[in-house]
Amino acid sequence: MTRDELRIGVYVCNCGTNIAKVVDCEAVVEMAARLPGVVVTRSYKYMCSTPGQEMIVQDIKDQRLNRVVVAACSPRMHERTFRKALQTAGLNQYFFEMANIREQCSWVHDDSEAATRKAQALTRGAVYRVAFHEPLDKLYVDMCPSTLVIGGGIAGLTAALELAEAGYPVHLVEKTERLGGNLARVDLTAPFLDPAADLLTDRITRVHENRAIKVYLASELKELSGYVGNFEAVIGPAGEGSPGAAPSCTVSVGSIVVCTGYTEFDASRITHYGYGRLPNVITSFEFEAMLRAGRIATREGRTPQYFAIVHCVGSRSREYHGYCSRVCCMTALKYAHEIKSAIPGAYVSDVYVDMHAFGKGHEEFYRQSSEAKTLFLMYDKNEHPLIKRAGPHDDCEMLIEVNEKLSGEVIEIPADMVILMVGMEARPDAAHVAHLVNISQDKEGWFIESHPKLDPVATTTEGVYIAGTCAAPKDIPDTVAQARAAAARILARIAREKIEIDAVFAEVDEEACSGCRTCVELCPYSAIEFDEGRRRSRVNSALCKACGACAAACPSGVIKARHFTDRQILAQIEGILA
Amino acid sequence: MSFEPKIVAFLCNWCSYTGADLAGTSRMHYPPNVVSIRVNCSGRVSPLMVMSALSKGADAVLISGCHIGDCHYVTGNWQTEKRVPLLKKGLEALGVDPRRVRLEWVSASEGARFVEVVQDFIAEIERLGPNPIKGASHDRRAACSL
């Protein structure tokens, strides 16, 4: 196709104001309209919306477009969406190119003029490139119906059961010696006060009994290779491994659900609450262990009379974590309830910043606690309560000074036991896990979802899903919902049996090949065969994964990496620098 | 007018491009002098592409891929690691400062590292000044004066 026959449509997305507040989208449109081959240019609020996509479909039909460029978010976000629109309009999906003017432009630059110039360069690069795009056939590979679930807490157990009960094999890998995760350390759950053990035991039993689930205890993922539908995972003993541990094994899986959970905030990082120094200042998890053991006692073995519960320890603070850990408020109310049932006549003070009671039954539970005579004291998060040892004449262990926000008075309350509501924190090994499965972490260490609102369990790596508290603090219902959502996404993929992958692989122009075999040596997949008779190289497209290393190395320049051809990339370079 | 370097960055789809996207989703900031081109693997970047960028107006070229051992294509970045030093030698022979081509490993989770790499590289190219061969192949007068 010569340039004269090109009919390119260029669409510049405002992304609400995400792009438009920094990039002058109209200036990008004006620039694009003057480029060779461009016949339609538009800017629109949300190109990925249904009207946005319909606009492209309609233009392809009415204006006989044969190439489409969308300047919007990252292709990792919406390339698939727009390719589908091309298909709907009957145009080969590879006649499409995206210019990333959001993640790599409007979100990282604040100089509007310079950002607009960069957005123009990116768009021009895409227009120049798309001119050389070629139609490619769809390529399908088998979807392996097995799934790897990493983490045996409530999220992992739920995802594993959901998949296995639909009839598909699951490899469930748990780092510790037992299933249950952090939930196994909890006594009753808030706000309905069901025992955590009831929630867990049923699931753990079902997991162990289900023959489709293979459980690997004291194990971890060691290596992962492959891609969606066709991963190879090496599972081995956790850490350095113990002498009795099972040897490493390799399993084939089509999908992965990461459910690695959280760790609790280390209260000793905050010195002013005296944790580690005052014997009866304990963390919520230490108190939980007492509840599970059925005996609430001070270190000295006495039954405490005065309890103080301090909220937001490590959470919602400038020094530690800015986020809310979401479960501590209700857990604190649950403690007040459990203390009063176990020790009638005990006094409970609840020292909080704000009471976050957002979930089903939470507000009602808060009201019940207020009516049950728990003393609620509000403190300003910049003015934390002070805990000190009581004097010999006080009939309590400690005194807590709270600058009570609502009354505006400084109030001193007695305490024999102080419970610090420690928040959730990303696990220290989260970076290692992210690295193994190639997903991203935010600045707090939580795994990042593909889209925070619309795609909360997928990640930017296809076939890898996240569920539960490894993505951010959340309570049990949200965790379970995510685990089931991840399983549903995987089941939908399995049901289609095949998955479409990019029809990109390398091809050797056998006529021009000089037979030097440079490519044969460097192919990581041994996908290039050498025909001894004809003294030519040939690519086995079933084995080729399209890295393009051969194309870059071919001294004769006769290996074509489809959809990443020299011509396409050189045109893009020219466009960017024009 | 002060010198605003133009840098073309070849980023591999699996690690560095995702890392650059992460810098965006995390709303980190860096100067707009770098424009990226997505390739499947850093191993796809041929000397031809780098030379083309330098001759068509780029002051520098960044090549970035997965860390060694993490390549999505197993050994693709090994090829890059072998190729870039050779390319730099070739550039030196042509009278181009080899510091104008930089190879860096940035993973999908290293948005902050991507920003650091870019800032550092821009600062270095600002010190080096404009690329002398920029536009040379198209500039007849320059060719005649040789």
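Each residue is numbered by its place in its chain's sequence as written, counting from 1. The lettering of chains begins at A and the numbering of ligands begins at 1, in the order of writing. The predicted nature of this model means local features are confined to residues of pLDDT at least 70 and side-chain atom pairs, given and counted, to a pLDDT of 80 or more, with totals for whole chains, interfaces and linings taken over all residues. Side-chain metrics rest on all non-hydrogen atoms present in the structure, leaving aside hydrogens and water.

What is the right way to read the pairing of strand β2 (residues 38–44) of chain A from this model?
Walk down a regular strand and you will see the side chains alternate between the two sheet faces. All names here are of chain A. Direction of pairing for strand β1 (residues 8–13) relative to β2: parallel, over a ladder of 6 bridges. Among the inter-strand pairings, Val-10 is bridged to a residue of β2, identified as Thr-41. Handedness of a crossover: with both strands directed away from the viewer, a clockwise path from the first strand across the helix to the second marks it as right-handed. Numbering of helices and strands runs from the N terminus, with a helix taken as a DSSP run of H or I at least four residues long and a strand as a DSSP run of E at least two residues long. Crossover connection from β1 via helix α1 (residues 25–33) to parallel β2: handedness right-handed. By this definition, two strands are paired if DSSP reports at least two bridges between them.

Got a minute to help me understand the packing of aromatic side chains in this structure?
To describe a pair of aromatic rings, one takes the distance between the centres and the angle between the planes. All names here are of chain A. Between 30 and 60 degrees the pair is tilted, below 30 it is stacked and above 60 it is edge-to-face, where a pair is any two Phe, Tyr or Trp rings, Trp via its six-membered ring, whose centres lie within 6.5 Å. Taken as a whole and assessed by the stated rule, the structure comprises 10 aromatic pairs over all chains. Pairing Phe-287 with Tyr-335 gives two aromatic rings, centres 5.0 Å apart and planes at 75°, and the pair type is edge-to-face. In this pair, Phe-287 is assigned in helix α8 (residues 284–293) and Tyr-335 in helix α9 (residues 328–342), connecting sequence segments 48 residues apart. Summarising the burial analysis for this pair, Phe-287 and Tyr-335 share the class buried. For the ring pair Tyr-306 and Tyr-347, a centre distance of 5.2 Å and an interplane angle of 20° mean the geometry is stacked. Of the two residues, Tyr-306 sits in strand β15 (residues 306–313) while Tyr-347 sits in strand β16 (residues 347–352), which places them 41 residues apart along the sequence. When its relative accessible area of 17% is taken as the criterion, Tyr-306 is described as buried. In this structure an aromatic cluster arises from ring pairing among Phe-287, Phe-307 and Tyr-335. Each residue is assigned to one of three classes by its accessible area relative to the maximum for its type, calculated with a 1.4 Å probe on protein chains only: buried under 20%, partly exposed between the two thresholds, exposed over 50%.

What is the right way to read the domain arrangement of chain A from this model?
You'll often see interface size given as the accessible area lost when the parts meet. The split of the chain into domains comes from an automatic or database domain assignment. Under the domain assignment, chain A is made up of domain 1 (3–136), domain 2 (147–261 + 427–498), domain 3 (267–420) and domain 4 (506–562). Taken over C-alpha atoms, the centre of domain 3 of chain A sits 68 Å from the centre of domain 4 of chain A.

Help me understand the nonpolar core, please; the structure alone is not making it clear to me.
As a rule of thumb, nonpolar side chains are buried together in soluble globular proteins. Remark: nonpolar core denotes a set of buried residues (Ala, Val, Leu, Ile, Met, Phe, Trp, Tyr, Cys) joined through side-chain atoms within 4.5 Å. One finds Val-68 and Val-70 of chain A together with Phe-10 of chain B to be the most contacted residues of the largest nonpolar core, which totals 98 residues. When residues in this core are grouped by element, the largest group, 7 residues, is from helix α5 (residues 112–130) of chain A. Counting residues domain by domain, this core receives three or more from each of domain 1 (3–136) and domain 4 (506–562) of chain A. Any two residues whose heavy atoms approach within 4.5 Å at even a single point are treated as in contact. Ignoring anything within four residues of it in the chain, the contact list for Val-70 of chain A reads Tyr-11, Met-47, Ile-56, Phe-82, Phe-96, Glu-97, Met-98 and Ala-99 of chain A.

Mind showing me how you'd approach the interface of chain B and chain A here?
Counting residues at the interface gives 50 residues for chain B, matched by 46 residues for chain A. Here's the idea: put two parts together, see how much 1.4 Å probe accessible area each one loses, and the total over both is what we call buried area. Carbon and sulfur atoms make up 58% of the surface buried where chain B meets chain A, a total of about 4100 Å² over both sides. Each salt bridge in this description consists of a side-chain nitrogen of Lys or Arg and a carboxyl oxygen of Asp or Glu lying within 4 Å of one another. Along the contact surface separating chain B from chain A lie 3 salt bridges. Two residues, Glu-574 of chain A and Lys-56 of chain B, come together in a salt bridge whose shortest N-O distance is 3.7 Å. Counted as a polar contact is a pair of N or O atoms within 3.5 Å, where, for protein atoms, one must be capable of donating a hydrogen and the other of accepting one, and residues adjacent in sequence contribute only when both atoms are in side chains. Counting across the chain B and chain A interface gives 18 residue pairs in polar contact (both at pLDDT 80 or more). Going through the elements one at a time, β1 (7–12), α1 (16–25), β2 (34–39), α2 (47–55) and α3 (76–93) of chain B are the ones with two or more residues in the side of chain B that touches chain A. Here the term charged refers only to Asp, Glu, Lys and Arg, the term nonpolar to Ala, Val, Leu, Ile, Met, Phe, Trp, Tyr, Cys and Pro, and the term polar to all other amino acids, Gly among them. When its residues are assigned to classes, the side of chain B that touches chain A shows 27 nonpolar, 15 polar and 8 charged.

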